[in-house]
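Spelled out from the first residue to the last, the chains are:
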Amino acid sequence: MPQPLPPLAGALFLFSLAAASQAQTVIVPTLGQESIPPKWVARDNGGLEGICPDILSAMEKMEPRLKFTGHDDFRSLPMIEQGLESGTIHAACALLDSERRRKIAHQSVRLYVVKHRLAATISDKVTVDTIDDLVRLKPLITTARGAAYAEQLQQLGLEVDDSTGDNVTNLRKIMGGHGRFVYMNELTLTWLIREQRLQDKVRILPAVLKEEPVYFWISKKAAPQAVHLMQHALQKLYKNGELNRIYERWTAVPQCGASVRCISDVP
C-alpha cells in the first residue's frame, strides 16, 4: 500500500502540479489577412512580418502560455469572419468595428487608427476632399472583398466592386479602366504603390476621408482561459506602450516623396 507523502514533500508535489497547470500552453488558432501590408507581410523566402505578426509575438512574450498558430495562412476577410463565428479560429488582428464582428467576437483593445484614402490613375486630375464630394461624383469604387468600409460606401448609395480580396488587383483594375478609385487605408495604399512600383501610374489623393480605429477581436467560441490570457496580454502591451511602438516601427516609411508619388507631386 503506498505510503502518504511527508507534509513538506506533499506540499511541494501540489505546488509542482499547480505550476505545471499554469505552464500549460494555450493554442490560439488564427489566420493572416491577404493582401493588406504592412499589417501582414509575406516575404518571398517564406518569412512572415508585419504589424500583426509583431503584435502576436509580443503577446506570446507577455503571456508565455499563449501560442498562436495558423497566422501564416492568408485568407480573405469573409473567411476570417466565418472562422471567428464558427470557432475554427479564436482571434483576428486589427479589424475595423462592424455590427457582425461584435455579434461573433469580443472587441478587445484598440490597436491603432487607420486613415481612409482614395487612389486614382495619374492621368485623373479629380479632386475629392470629402465623402460628400465622392457621393456627388458617383464613381465605381474598387475595394477589398469583405472590407467593413465597402458596406459603409454602399450605404451611401455608391457603387462598389469588392469582388476580390487582392488589393494589387484592385489597383490594376483602375489602371485598366475598371472603376475610377480604389478606396483603402492609407498605410496599405502607400505600401502597395511603393512595392509594386506603380508611382508613375497611380496617385494617392491627399484628403483623408475618414479615420477609425482597428481592434483585436477574440471569438466568442474561444475557451475562457484563452480569452483571459489574450485580454491580459493585450492590456499590458497597451499600457506599457508596446502596441504603439510596433505600429510606429511599421509606419516609419516615406509617405509622399521619392518612393511614393502623391497628388501633391503632380505638376
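Just so it is clear, the model here is predicted, and its values are computed rather than measured. (Residues numbered from 1 in each chain as written. Predicted model: local features only at pLDDT ≥ 70, side-chain atom pairs only at ≥ 80, totals over all residues. Heavy atoms only, no water.)

Caption draft 1: View of the overall build of the protein. Scanning the protein for helices and strands turns up 10 helices and 13 strands. Buried residues in the protein amount to 49% of all 267 residues. Within the structure as shown, the protein displays about 13200 Å² of accessible surface, and the carbon and sulfur contribution to it stands at 53%. (Helix = DSSP H or I, 4+ residues; strand = E, 2+ residues; numbered from the N terminus. Buried < 20%, exposed > 50% of the residue type's maximum accessible area, 1.4 Å probe, protein only. Areas by Shrake-Rupley, 256 points an atom, 1.4 Å probe, with all protein chains shown as cover.)

Caption draft 2: Region of interest: the nonpolar core. Counting 79 residues, the largest nonpolar core has Met59, Phe68, Leu111, Leu134, Leu171, Phe216 and Met230 as the members making the most contacts within it. If one sorts the elements of this core by residue count, strand 8 (residues 105–121) sits on top with eight residues. (Core = buried A, V, L, I, M, F, W, Y, C linked by side-chain atoms within 4.5 Å.)

Caption draft 3: Molecular detail of the packing of aromatic side chains. In this structure the tally under the stated criterion is five aromatic pairs. Ring centres of Trp40 and Phe74 lie 6.2 Å apart, and the angle between their planes is 85°; on these two criteria the pair is classed as edge-to-face. With Trp40 in the loop between strand 2 (32–33) and strand 3 (41–42) and Phe74 in strand 6 (residues 74–75), this residue pair connects regions lying 34 residues apart in the sequence. Judged by relative accessible area, Trp40 falls into the buried class, the value being 4%. Here the aromatic rings of Tyr149 and Tyr183 are separated by 5.2 Å at their centres, their planes lie at 55°, and the arrangement is tilted. Here Tyr149, found in helix 6 (residues 148–155), pairs with Tyr183, found in strand 11 (residues 181–185); they are 34 residues apart in sequence, far enough to count as distant. The ring of Trp191 has Arg194 sitting right over it, with the charged end atom 4.7 Å from the ring centre. (Phe/Tyr/Trp six-rings, centres within 6.5 Å; stacked < 30°, edge-to-face > 60°. Lys NZ or Arg CZ within 6 Å of the ring centre and 35° of its normal.)

Caption draft 4: Geometry of the environment of Leu66. By the secondary structure assignment, Leu66 is in strand 5 (residues 66–69). The buried category is assigned to Leu66, whose relative accessible area is 3%. In sequence terms Leu66 and Gln24 are 42 residues apart; their C-alpha atoms lie 8.9 Å from each other. Setting aside anything within four residues of it in sequence, one finds Leu66 in contact with Val26, Val28, Met59, Glu60, Leu229, Met230 and Ala233. (Contact = heavy atoms within 4.5 Å.)

Caption draft 5: Fine view of the environment of Gln235. Among the structural elements, Gln235 can be located in helix 9 (residues 224–239). Judged by relative accessible area, which is 35%, Gln235 ranks as partly exposed. Placed 176 residues apart in sequence, Gln235 and Met59 show a C-alpha to C-alpha distance of 9.8 Å.

Caption draft 6: Region of the structure containing helix 9. Between its first and last C-alpha, helix 9 extends 22 Å over 16 residues, near the 22 Å set by a 1.5 Å rise per residue. When helix 9 is considered as a whole, its buried residues turn out to be Ala226, Val227, Leu229, Met230, Ala233, Leu234 and Leu237. (Expected span 1.5 Å × (residues − 1).)

Caption draft 7: Geometry of the environment of Arg245. Tracing the sequence through the fold places Arg245 in helix 10 (residues 242–251). A distance of 2.9 Å separates a polar side-chain atom of Arg245 from the backbone oxygen of Asn240. (Polar contact = N/O pair within 3.5 Å; in protein donor to acceptor, adjacent residues only side chain to side chain.)

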